[in-house]
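Spelled out from the first residue to the last, the chains are:
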Amino acid sequence: KAGVTQTPRYLIKTRGQQVTLSCSPISGHRSVSWYQQTPGQGLQFLFEYFSETQRNKGNFPGRFSGRQFSNSRSEMNVSTLELGDSALYLCASSLFAGARTDTQYFGPGTRLTVL
Amino acid sequence: AQSVAQPEDQVNVAEGNPLTVKCTYSVSGNPYLFWYVQYPNRGLQFLLKYITGDNLVKGSYGFEAEFNKSQTSFHLKKPSALVSDSALYFCAVRDGAGGFKTIFGAGTRLFVKA
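Definitions and cut-offs
Residues numbered from 1 in each chain as written. Chains lettered and ligands numbered in written order. Predicted model: local features only at pLDDT ≥ 70, side-chain atom pairs only at ≥ 80, totals over all residues. Heavy atoms only, no water. Disulfide = S-S within 2.5 Å. Helix = DSSP H or I, 4+ residues; strand = E, 2+ residues; numbered from the N terminus. Buried < 20%, exposed > 50% of the residue type's maximum accessible area, 1.4 Å probe, protein only. 1 Å grid on protein atoms, 1.4 Å probe; cavity = no way out; pocket = protein on both sides within 12 Å on 5 of 7 lines; lining within 4 Å. Points joined across faces, edges and corners; volume = space filled by probe spheres on them. Nonpolar A, V, L, I, M, F, W, Y, C, P; charged D, E, K, R; others polar.

Draft legend 1. The state of the cysteines, seen in detail. Residue and element names in this part refer to chain A. As enumerated under the stated definition, the model contains two disulfides over all chains in all. Note on cysteine connectivity: Cys-23 is disulfide-linked to Cys-91, with sulfurs 1.7 Å apart. Across the disulfide from Cys-23 to Cys-91, rotation about the S-S bond amounts to roughly -55 degrees, and the bridge is consequently left-handed. Taken as a pair, Cys-23 in strand E3 (residues 19-24) and Cys-91 in strand E9 (residues 87-94) lie far apart in primary sequence, 68 residues in all. For the residue pair Cys-23 and Cys-91, the accessibility class agrees, reading buried in each case.

Draft legend 2. Focus on the layout of surface pockets. Put simply, the largest pocket is a space of about 310 Å³. Along its surface, the largest pocket is lined by 16 residues, and Gln37(A), Gln38(B), Leu88(B), Phe90(B) and Arg109(B) are the ones closest to its centre. Sorting the residues of the lining of the largest pocket by element identifies strand E4 (31-38) of chain A together with strand E10 (87-95) of chain B as the ones contributing at least two each. With three residues, E10(B) is the largest single contributor of residues to the lining of the largest pocket. For the lining of the largest pocket, the residue count by class is eight nonpolar, five polar and three charged. Estimated volume of the second largest pocket: approximately 170 Å³. Leu43(A), Gln44(A), Phe45(A), Gly58(A), Asn59(A), Phe60(A), Lys101(B), Thr102(B), Ile103(B) and Phe104(B) are the residues that line the second largest pocket. Taken together, the elements giving at least two residues each to the lining of the second largest pocket come down to strand E5 (42-50) of chain A together with strand E11 (101-104) of chain B. Ranked by residues supplied to the lining of the second largest pocket, first place goes to E11(B) with four residues. When its residues are assigned to classes, the lining of the second largest pocket shows five nonpolar, four polar and one charged.

Written out as structure tokens, the structure is:
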């Protein structure tokens, strides 16, 4: 079974631009979560989707948004990019949502660099 | 609020020696704890999880973790370290309030020397 895939793997943008990242979960998985990883802040939760609905959101500004499609694929968007948005963005999928025992499986991430 | 702490930024161990990566947790209710490993330029790989039951949890690649409720700890262990185990290790707790949110520790970098 194919793992979680994320595209693109690398992105370079300039301040003020916007960016869209894509995540395809493991086949059959219905929950997708997004995390931001930086050296200073570590791994921080962005949001989680299940059945096209955002179920939980982390403490990020409104410039960060996401959505999930009917096939469970998810996208996240960052508008008006800032230098501090440079990070590795990780997507994780799991079978169900709200099941605290479920294991999340992570994709390889998208490395975003903002110049 | 749920939280985990990894008190060591870095752990150094010689190949063939046992390794321990420490994690303590603070949760309300039952703890659901996880360990992940991250290799350079890669995503996180699941190692093991504690849900309930036996305090010694077996995981992937020969790793295991010991859950200790009285000490609120969930330390990762391996009897014999390999150079290829060198990576960044994350302890995590699942926050079940309102959804599917995982809280990660700061991470511990493991160096295994040949």
